[in-house]
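# An overview of the molecular structure
Here is what each chain is made of, one letter per residue.
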Amino acid sequence: FDKMAAPTMKLHDGSEHPMVGFGTYKVGFVPASASSATPAADERDPKNIIKDAVDVGYRYFDCAEFYGNEAMVGEALKSTSVPRKDLYLVSKCWTTTIYGGAAAVRKQVEQSLQDLQTDYLDLYLVHWPVPGKHVEAYKTLEAMQAEGKIRGIGVSNYTIEDYQELMQHTTVKPLINQIEINPYLYRKETIAFFEKEGVRFEAYRALRQAKTFGDDVLQKIAQAHDRSPSQVLSRWCIQHGFAVMAKSSKKERMTENFNCVDFELTAEEVAELDNLTTPENLETFVGLYKKCVVRDTPLQETNEGVKDKITVA
């Protein structure tokens, strides 16, 4: 199996990025400050979940310091027969590390390399634009890219304003901005801005945590194609040119999420899905952004430096 069997997208450095990935958040571990801190209900050995994902065909794995499980993911991947060159491994440093400064970021990247049992990462991201700190974190990643420990660098949860601030201090443009994207939180203005800059997107919560599967528009489109709502949501991302990561602990669901490349939504269906974002959802996004840029850091006491004006749409 070749990871390139899944569609890929070209990044501005000429490299290819797989478009269908497996998210490792909450696989075997739930962080204390998770937005919905429900215990992992899954009783299975998390290593078997990762092995199932490999078996289904996933080669792109989205990891992070915050997920607290990189050593497990590394062990699971090591136990498969997939060579490292066929994997696409992404990780990110958490707010606490970003707040800690350059040495903390460097130490964390080394830790991720050790835990994932690899000598390089395909992509490494600044998880949140921590006020007053994220630029330094990014510059540390630039240095580690020059050392060959990271092939590509990017950002996550950046608004247009965060990116503009970053680009005043750096020369290496991020390859990727990983943000929540789905028809219910489709921030057209922000997406258009980054695409014009040549920065591509990885979409998280692309399936909206299954909360909208009963939505009439989604149900109608799914039935028209004899597909599941999750396949329609993944397909919508792919047709828009966003890499999509889905997470499930059930192998049949993994297969379903992976198989979103062999059908096509009509232009009308895409347009219908494009218009499901409500003002309430945008408002919720703003609240979450303001909370998360300082989450787990001393800044959460005062919200010091949190941007008042951001492009929401």
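Quick look at the structure, then. (Residues numbered from 1 in each chain as written. Predicted model: local features only at pLDDT ≥ 70, side-chain atom pairs only at ≥ 80, totals over all residues. Heavy atoms only, no water.)

## Description of the overall build of the protein
Which entries qualify depends on this criterion: Helix and strand definitions follow DSSP, with helices as H or I runs of at least four residues and strands as E runs of at least two, each counted in order from the N terminus. Using a 1.4 Å probe on the protein chains alone, a residue whose accessible area is under 20% of its type maximum counts as buried, one over 50% counts as exposed, and one in between counts as partly exposed. Contact between two residues is taken to exist if any of their heavy atoms lie within 4.5 Å; hydrogens are not considered. Computed with a 1.4 Å probe, the accessible areas rest on the Shrake-Rupley method; for each residue, only the protein chains presented here act as cover.
From N to C terminus, the protein includes twelve helices and ten strands. Projected onto its principal axes, the C-alpha coordinates of the protein cover approximately 50 × 45 × 40 Å. Burial analysis of the protein (313 residues in total) assigns 55% to the buried set. Partitioning the intrachain contacts of the protein with sequence separation of at least 6 by distance along the chain shows that 75% fall at a separation of at least 24. In the structure as shown, the protein presents an accessible area of about 13,200 Å², 50% of it carried by carbon and sulfur atoms.

## Considerations on the packing of helix H9 (residues 229-239) against helix H11 (residues 267-274)
How we decide: As a rule, the C-alpha atoms of each element are fitted with a line to give its axis, helices using only the stretch in contact, and angles between N-to-C directions run from 0 to 180 degrees. Orientation categories follow fixed angle ranges, with anything under 35 degrees roughly parallel, anything over 145 roughly antiparallel, 65 to 115 roughly perpendicular, and all other angles oblique. Residue type decides the class: Asp, Glu, Lys and Arg count as charged, Ala, Val, Leu, Ile, Met, Phe, Trp, Tyr, Cys and Pro as nonpolar, and the leftover types, Gly among them, as polar.
Axis separation between H9 and H11 bottoms out at 11 Å; the angle between their running directions is 100°. Classified by the angle their axes make, H9 and H11 are roughly perpendicular. Along its contact with H9, which presents Val232, Trp236 and Gln239, the element H11 presents Val270, Leu273 and Asp274. For the contact of H9 with H11, a count of residues per class yields four nonpolar, one polar and one charged.

## Remarks on unusual backbone geometry
Although it is not a glycine, lysine 26 sits at a positive phi angle of roughly 70°. You can see lysine 26 is positioned in the loop between strand E3 (20-23) and helix H1 (46-56). The phi angle at aspartate 296 is positive, at roughly 70°, despite the residue not being glycine. Tracing the chain through its elements places aspartate 296 in the segment after helix H12 (279-292).

## A few points about the pairing of strand E8 (residues 176-180)
Rules: Strand pairing is assigned whenever DSSP detects at least two bridges linking the two strands. Orient the strands so they point away from the viewer, and a crossover whose first-strand-to-second-strand path over the helix runs clockwise is right-handed.
Most of E8 sits out of view: five of its five residues are buried. Examined bridge by bridge, strand E7 (residues 150-156) and E8 share two bridges and lie parallel to one another. Residue pairing for E8: serine 156 is matched across the bridge by glutamine 178. As for the winding sense of the linkage, the β-α-β connection from E7 through helix H6 (residues 160-167) to E8 is right-handed.

## Brief notes about the pattern of salt bridges
Opposite charge on two side chains lets them pair, provided their charged atoms get close. Defined as follows: When a carboxyl oxygen of Asp or Glu lies within 4 Å of a side-chain nitrogen of Lys or Arg, that pair is called a salt bridge.
The final tally for this structure, using the stated rule, is 16 salt bridges. Close ionic contact of lysine 47 with glutamate 75 constitutes a salt bridge, the shortest N to O distance being 3.5 Å. With lysine 47 in helix H1 and glutamate 75 in helix H2 (residues 70-78), this pair connects stretches of sequence that are 28 residues apart. Lysine 47 sits in the partly exposed class, given a relative accessible area of 27%. The shortest N-O distance in the salt bridge between arginine 84 and aspartate 122 comes to 2.9 Å. Placement of the pair is arginine 84 in the loop between H2 and strand E5 (88-93) and aspartate 122 in strand E6 (residues 121-126), with a sequence separation of 38 residues.

## Section: the environment of glutamate 272
Relative to the assigned elements, glutamate 272 resides in helix H11. Sequence spacing of glutamate 272 and asparagine 177 is 95 residues, and the spatial spacing of their C-alpha atoms is 25 Å. Apart from the residues within four sequence positions on either side, glutamate 272 is in contact with Val217, Lys220 and Ile221.

## Brief notes about the state of the cysteines
The condition that has to hold: By convention in this document, the label disulfide applies to cysteine sulfur atom pairs within 2.5 Å.
Per the counting criterion, the structure on display carries zero disulfides. Left unpaired, cysteine 63 is separated from the closest cysteine sulfur, that of cysteine 93, by 14 Å. Classification of cysteine 63 as buried rests on a relative accessible area of 0%. With no disulfide of its own, cysteine 260 lies closest to cysteine 237 among cysteine sulfurs, the gap being 8.9 Å. Since its relative accessible area comes to 0%, cysteine 260 is described here as buried.

## Some remarks on the pairing of E7
A large share of E7 lies buried, amounting to six of its seven residues. With respect to chirality, the unit in which E6 leads through helix H5 (residues 134-146) into the neighbouring parallel E7 is right-handed.

## A short note on the sheet that holds strand E9 (residues 200-204)
What the eight strands build is a closed barrel, ordered E3-E4-E5-E6-E7-E8-E9-E10; its pairing is parallel. Strand-to-strand twist across the sheet, computed as the mean angle between neighbouring axes with direction ignored, equals 30°. Packed onto the sheet, helix H4 (residues 102-115) meets E5, E6 and E7 and runs at close to 145° relative to E6.

Just distances and angles here, no functional claims.
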